Amino acid sequence: MDDVAAAGSPGAGHAPGSPRTVVLLPGTLVPASSYDAVAEPLLARGAFEPIPLEWMTEVAEPTLASVAARVAREVADRGHGPAIVVGHSTGGAIAAFTALAHPGAVAGLVLIDSGPNMRTHTSIRDLLSDLRGPATEAKWRGYAWLNIASGTPAQRDYWIRSMVEFSRRVGPGPALSVLESQFRTDFLAPRRGSGLPAGGVPAPRLPVELLHGELDPKRRPVDSRSWQAVFPEADFTLVPGCGHTPPLEAPGAVVAAVRRVEFRLRAG
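**Notes on the nonpolar core**
Reasoning step 1: Counting 58 residues, the largest nonpolar core has Leu25, Val85, Leu109, Phe187 and Phe231 as the members making the most contacts within it.
Reasoning step 2: The element that contributes the greatest number of residues to this core is helix 4 (residues 90–101), accounting for 8 residues.
Reasoning step 3: Excluding anything up to four places from it in sequence, Leu109 contacts Val85, Ala95, Ala96, Ala99, Leu206, Pro207, Val208, Glu209, Phe231 and Val261.
Reasoning step 4: Core analysis: the second largest hydrophobic core is formed by 22 residues, Leu24, Tyr35, Val254 and Leu265 among them.

**Things to note about the sheet that holds strand 5 (residues 208–213)**
Reasoning step 1: Strand order across the open sheet formed by 6 strands is 2-1-3-4-5-6, with parallel pairing between neighbours. Each edge of the sheet is formed by a strand with only one pairing partner; in this case those strands are strand 2 (48–52) and strand 6 (234–239). The mean inter-strand angle of the sheet, taken between neighbouring strand axes irrespective of direction, is 20°.
Reasoning step 2: With 5 bridges joining them, strand 1 (residues 20–25) and strand 2 adopt parallel strand pairing. Along strand 2, the bridge assignment pairs Leu24 with Pro52.
Reasoning step 3: The strands touched by helix 1 (residues 36–44) are strand 1 and strand 2; relative to strand 2, the strand with the most contacts, the crossing angle is about 155°.
Reasoning step 4: Here helix 11 (residues 251–267) sits on the sheet and contacts strand 1, strand 2, strand 3 (83–88), strand 4 (106–112), strand 5 and strand 6; the angle it forms with strand 5, its principal contact strand, is near 165°.

**Some words on helix 5 (residues 124–131)**
Reasoning step 1: Among the residues of helix 5, Ile124, Leu127, Leu128 and Leu131 are the ones counted as buried. The arc that holds every buried residue of helix 5, seen down its axis, measures 100°, which confines them to one face. Turned more than 90 degrees away from the buried face of helix 5 sit Arg125 and Asp126, all of them exposed.
Reasoning step 2: Tucked into the core, helix 5 has its buried residues touching helix 6 (137–145) and helix 8 (172–184).

**Digging into the layout of surface pockets**
Reasoning step 1: Here the largest pocket is characterised by a volume of approximately 280 Å³.
Reasoning step 2: What lines the largest pocket is a set of 25 residues, among which Thr28, Leu127, Tyr143, Asn147 and Lys218 lie closest to the centre.
Reasoning step 3: Residue assignment for the lining of the largest pocket shows that the elements contributing at least two residues are helix 5, helix 6, helix 7 (153–170) and helix 8.
Reasoning step 4: Residue classes in the lining of the largest pocket are distributed as 10 nonpolar, 11 polar and 4 charged.

**As for unusual backbone geometry**
Reasoning step 1: One non-glycine residue, Leu29, adopts positive backbone phi at about 60°.
Reasoning step 2: With respect to the secondary-structure elements, Leu29 resides in the loop between strand 1 and helix 1.
Reasoning step 3: For Leu29, a relative accessible area of 5% gives the class buried.
Reasoning step 4: Positioned with a positive phi, Ser89 is a non-glycine residue whose angle comes to about 60°.
Reasoning step 5: Residue class for Ser89 comes out buried when judged on its relative accessible area of 13%.

**Here we look at helix 8**
Reasoning step 1: Counted at 1.5 Å a residue, the expected span for helix 8 with its 13 residues is 18 Å, and the 18 Å between its end C-alpha atoms agrees.
Reasoning step 2: Burial in helix 8 covers these residues: Pro174, Ala175, Leu176, Ser177, Val178, Leu179, Ser181 and Gln182.
Reasoning step 3: As for helix 8, its buried residues are in contact with helix 2 (55–58), helix 3 (64–78), helix 4, helix 5 and helix 7.

**Quick notes on the packing of aromatic side chains**
Reasoning step 1: Under the definition given, this model contains 4 aromatic pairs.
Reasoning step 2: Ring centres 5.0 Å apart and planes at 65° place the aromatic pair Phe187 and Trp227 in the edge-to-face group. With a gap of 40 residues between them, Phe187 in the loop between helix 8 and strand 5 and Trp227 in the loop between helix 9 (221–225) and strand 6 connect regions that are remote in the sequence. When sorted by exposure, Phe187 lands in the same class as Trp227, which is buried.
Reasoning step 3: Ring pairs connect the aromatic residues Phe97, Phe187, Trp227 and Phe231, which therefore count as one cluster.

About the thresholds
Residues numbered from 1 in each chain as written. Predicted model: local features only at pLDDT ≥ 70, side-chain atom pairs only at ≥ 80, totals over all residues. Heavy atoms only, no water. Core = buried A, V, L, I, M, F, W, Y, C linked by side-chain atoms within 4.5 Å. Buried < 20%, exposed > 50% of the residue type's maximum accessible area, 1.4 Å probe, protein only. Helix = DSSP H or I, 4+ residues; strand = E, 2+ residues; numbered from the N terminus. Contact = heavy atoms within 4.5 Å. Pairing = 2+ DSSP bridges. Axes fitted to C-alpha atoms, helices over the stretch in contact; angles between N-to-C directions. Arc of directions from axis to C-beta. 1 Å grid on protein atoms, 1.4 Å probe; cavity = no way out; pocket = protein on both sides within 12 Å on 5 of 7 lines; lining within 4 Å. Points joined across faces, edges and corners; volume = space filled by probe spheres on them. Nonpolar A, V, L, I, M, F, W, Y, C, P; charged D, E, K, R; others polar. Expected span 1.5 Å × (residues − 1). Phe/Tyr/Trp six-rings, centres within 6.5 Å; stacked < 30°, edge-to-face > 60°.

Given below as structure tokens:
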């Protein structure tokens, strides 16, 4: 557990007059540039300091716990107080882990097309098996295509190429490491040694926004809603016409969710 004590209220500790740090965590084999269309409008208003974190290249043999520790250090280094942490897919699990293991670092969450466990993830077993085998271009493209269900042909082509190039650069090792960690972790029934509080997670009263793409082929809306058993203050929004990756397909919905969390923090 974090050695920084949790504040009495989620927004406590924010440095007056400073922008709110917003840490942006992409999913597995998805580059941090997937948040470009989210970061730009957040930065433009001056109230936020968006930090896209390329955790797959910055953390050796990443796990939920090791990346969460990296997030907490980033927030501390910024010096503006607790952050809003936004996580897509595996990034959502990392964001939740950060809130529970390092409560002093997190003021609120936006969890996107994620879930508290992998029980109903439609492709996780095949993905883990594939990652243990040789890496091929066909595999990278197959993984990338599962992430996208909307956009113009030109947009889809660019997004797929970006993910394939990133996957090729990162390689299967970090993906296998973090996905095995995520596969072993159940936020609804945490085990000893997981880095989460054992015997049931104490529910922090954080403002949390849950987003889920209507057309996501890998995760169901009920998976995202299941976070409400961990974070009882969570509000759920279904994003129409969107697949697994709202930061690319519906960035405005992500920006709006961040602003809702900040509004809830200011309202107390």
